[in-house]
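Architecture at a glance
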Amino acid sequence: GHDSPENNIENSIKEKEADYFARMSLVPLGIIFILRLRTPEEISKIFNISFSCATNVFKHYQTTKSYPRIKTQIINNRLTRQFMEYTYKLIKEVS
């Protein structure tokens, strides 16, 4: 089969969705807001992820934090709540 422009666009969208899901699964933004993490180094340490991944997450966090309504939705979403207990355990282990 030939790759059409439509297939390339569809694949690009799917790739971005997969990246977003992976990022949110590894490090829910709501946790970063709640813990008030301020650097990729903190994110990397708390979530035990590579600095490169933490930098990607941090860039997304920086973009998102300028939208208060989105920030509130992220903090209150189900994924954030599910990760809170686990995250507090991680913090105690790292500290």
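Note that the coordinates shown come from a computational prediction; the quantities given were computed from them, not determined experimentally.

Moving on, we come to the overall build of the chain. The helix and strand inventory of the chain stands at six helices and zero strands. Put simply, the chain has 95 residues, and 27% of those count as buried. Long-range pairs, those at least 24 residues apart, make up 61% of the contacts in the chain between residues at least 6 apart in sequence. Accessible area of the chain: about 6,900 Å², with a carbon and sulfur share of 54%.

Another point: the environment of Thr72. The residue Thr72 is located in helix H5 (residues 68-75) in this model. Here Thr72 falls in the partly exposed class, since its relative accessible area comes to 44%. For the pair Thr72 and Gly30, spaced 42 residues apart in the sequence, the C-alpha separation amounts to 8.4 Å.

With that settled, consider the packing of aromatic side chains. Counted by the stated rule, this structure contains two aromatic pairs. Geometrically, the ring pair formed by Phe58 and Tyr61 is tilted, given 5.8 Å between the ring centres and 40° between the ring planes. Remark: Tyr61 and Phe58 occur in helix H4 (residues 51-64); sequence separation between them is three residues, near one turn of the helix. Each member of the pair, Phe58 as well as Tyr61, carries the same accessibility label: buried. Members of the aromatic cluster, connected to one another through ring pairs, are Phe33, Phe58 and Tyr61.

So, on to the nonpolar core. The nonpolar side chains of soluble globular proteins are, as a tendency, buried together. With 16 residues, the main nonpolar core has Val27, Leu29, Ile32, Ile43 and Phe47 as its most contacted residues. When contributions to this core are tallied by element, the ones reaching two or more residues are helix H2 (29-35), helix H3 (40-47) and H4. In this structure, Ile43 is in contact with Val27, Ile32, Leu37, Asn48, Ile49, Ala54, Val57 and Phe58, ignoring residues within four places of it in sequence.

This next bit is on a positive patch on the surface. Side chains of Arg36, Arg38, Lys65 and Lys71 sit close together on the surface and give a patch of like positive charge. Residue position: Lys65 is located in the loop between H4 and H5.

When pLDDT is averaged across the chain, the result is 80; 88% of the residues are at 70 or more. The lowest-confidence element of the chain is helix H6 (residues 78-94), averaging 73 in pLDDT; the highest-confidence one is H3, averaging 92.

Position of Ile34 relative to the elements: it lies in helix H2. Separated by 41 residues in sequence, Ile34 and Ile75 place their C-alpha atoms 7.2 Å apart.

At a minimum axis distance of 8 Å, the contact between H3 and H4 shows a crossing angle of 120°. Overall, the two elements H3 and H4 adopt an arrangement that is oblique. For H3 against H4, the interelement crossing comes out right-handed. Of the residues in H4, those touching H3 at Pro40, Glu41, Ile43 and Ser44 are Phe51, Ala54, Thr55, Val57 and Phe58. Within the contact of H3 with H4, the residues separate by chemical class into six nonpolar, two polar and one charged.

Conventions we followed
Residues numbered from 1 in each chain as written. Predicted model: local features only at pLDDT ≥ 70, side-chain atom pairs only at ≥ 80, totals over all residues. Heavy atoms only, no water. Helix = DSSP H or I, 4+ residues; strand = E, 2+ residues; numbered from the N terminus. Buried < 20%, exposed > 50% of the residue type's maximum accessible area, 1.4 Å probe, protein only. Contact = heavy atoms within 4.5 Å. Areas by Shrake-Rupley, 256 points an atom, 1.4 Å probe, with all protein chains shown as cover. Phe/Tyr/Trp six-rings, centres within 6.5 Å; stacked < 30°, edge-to-face > 60°. Core = buried A, V, L, I, M, F, W, Y, C linked by side-chain atoms within 4.5 Å. Patch = residues over 30% accessible without salt bridge, like charges linked within 9 Å, V, L, I, M, F, W, Y side chains within 5 Å. Salt bridge = Lys/Arg side-chain N within 4 Å of Asp/Glu carboxyl O. Lys, Arg positive; Asp, Glu negative; His and termini not counted. Charge placed at Lys NZ, Arg CZ, Asp CG, Glu CD. pLDDT = per-residue confidence, 0-100. Axes fitted to C-alpha atoms, helices over the stretch in contact; angles between N-to-C directions. Parallel < 35°, antiparallel > 145°, perpendicular 65-115°, else oblique. Left-handed = near helix turned anticlockwise from the far one by under 90°. Nonpolar A, V, L, I, M, F, W, Y, C, P; charged D, E, K, R; others polar.

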